[in-house]
Amino acid sequence: MIYVLFGPPGVGKTYIGGILAKRNNWHFFDADTIYLNDDELRYLLKSGRYSQSVRDQFVKKLIMTVEHMMAQDDGRDLIIAEAFTKEKNREEFLHYFDNQVSYIMIHSSRDLALARTMTRMQKEDHVVDQ
């Protein structure tokens with residue numbers, strides 16, 4: 001099974017995903033690494049020039065990454081933290097993996113999410129510039 005935690009930046013998807021993965025002995029993947037390791041996607045995100053086609057490109061890379069992880073087939077479930085896709089992309093991902101995906105929306109207070117996002121923006125390798 002694949003569990004996808006989604007929601008706005010800074011709500012704790014990676015934090016919660018890490019805890020769930022550790023407690024349940026699941027694989028964990030932070031989908032932010034897709035655009036952090038792709039210069040074109042990183043540029044488009046930093047410049048605010050992302051569109052549905054950029055999201056589609058991101059989902060294709062996410063699918064390839066998940067296929068690779070699942071091909072190792074050690075029987076463990078996978079939990080993914082991601083904030084970039086829209087409903088269209090989530091449906092595509094769900095159908096691609098034959099409905100073996102559960103989506104879990106993560107929420108937090110606006111103040112907490114803003115504080116976390118501001119802290120991340122201070123990091124040199126973060127995709128969002130100040």
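Relevant structure appears above.
Residues numbered from 1 in each chain as written. Predicted model: local features only at pLDDT ≥ 70, side-chain atom pairs only at ≥ 80, totals over all residues. Heavy atoms only, no water.

Student: What is the right way to look at the pattern of salt bridges in this model?
Tutor: Using the criterion set out here, one finds 2 salt bridges in the structure. We note a salt bridge from Asp 56 to Lys 88, for which the minimum N-O separation is 3.1 Å. Taken together, the residues Asp 56 in helix H4 (residues 52-71) and Lys 88 in helix H5 (residues 87-96) connect sequence positions 32 residues apart. A salt bridge links Arg 76 to Asp 74; the shortest N-O distance between them is 3.1 Å. Given a relative accessible area of 28%, Arg 76 falls into the partly exposed group. Judged by relative accessible area, Asp 74 falls into the partly exposed class, the value being 43%. (Salt bridge = Lys/Arg side-chain N within 4 Å of Asp/Glu carboxyl O. Helix = DSSP H or I, 4+ residues; strand = E, 2+ residues; numbered from the N terminus. Buried < 20%, exposed > 50% of the residue type's maximum accessible area, 1.4 Å probe, protein only.)

Student: Just to check I follow, could you spell out the pairing of strand E1 (residues 2-6) for this structure?
Tutor: A regular strand places its side chains so that they alternate between the two faces of the sheet. Of all 5 residues that make up E1, 5 are buried, and the element is covered over most of its length. Across 5 bridges, the pairing between E1 and strand E3 (residues 78-82) is parallel. Paired with Val 4 across the two strands is Ile 80, which belongs to E3. Strand direction decides the pairing type here: E1 and strand E4 (residues 101-105), joined by 5 bridges, are parallel. Directly across from Phe 6, in E4, lies its bridge partner Met 105. (Pairing = 2+ DSSP bridges.)

Student: Where do I start with the sheet that holds strand E2 (residues 27-30) in this structure?
Tutor: Strand-to-strand pairing in sheets goes through backbone hydrogen bonds, with the strands running parallel or antiparallel. Spatial strand order, E2-E3-E1-E4: 4 strands in an open sheet with parallel pairing. Each edge of the open sheet is held by one strand with a lone partner, namely E2 and E4. Direction aside, neighbouring strands of the sheet carry axes that sit 20° apart on average. With respect to the sheet, H4 is in contact with E1, E2 and E3, its orientation differing from that of E3 by roughly 160°. (Axes fitted to C-alpha atoms, helices over the stretch in contact; angles between N-to-C directions. Contact = heavy atoms within 4.5 Å.)

Student: Could you clarify how one ought to interpret the packing of aromatic side chains in this entry?
Tutor: Within the structure shown, the criterion is met by 4 aromatic pairs. Consider the rings of Phe 6 and Tyr 103, whose centres lie 5.8 Å apart with planes at 85°: the pair is edge-to-face. One end of the pair, Phe 6, is in strand E1; the other, Tyr 103, is in strand E4, and 97 residues separate them in sequence. Using a relative accessible area of 13% as the deciding quantity, one classes Phe 6 as buried. With a relative accessible area of 26%, Tyr 103 lands in the partly exposed category. Ring centres 5.1 Å apart and planes at 75° place the aromatic pair Tyr 96 and Phe 97 in the edge-to-face group. (Phe/Tyr/Trp six-rings, centres within 6.5 Å; stacked < 30°, edge-to-face > 60°.)

Student: What exactly am I supposed to notice about empty space enclosed by the protein here?
Tutor: Over the atoms rolls a probe the size of a water molecule, and in doing so it shows where empty space is left. A full pass over the atoms with the stated rule returns 1 cavity of 30 Å³ or more. Roughly 40 Å³ of volume is contained in the largest cavity. Taken together, Val 4, Leu 62, Glu 82, Thr 85, Asn 89, Arg 90, Phe 93 and Tyr 103 make up the lining of the largest cavity. Ranked by the residues each element gives to the lining of the largest cavity, the list is headed by H5, at 3 residues. (1 Å grid on protein atoms, 1.4 Å probe; cavity = no way out; pocket = protein on both sides within 12 Å on 5 of 7 lines; lining within 4 Å. Points joined across faces, edges and corners; volume = space filled by probe spheres on them.)

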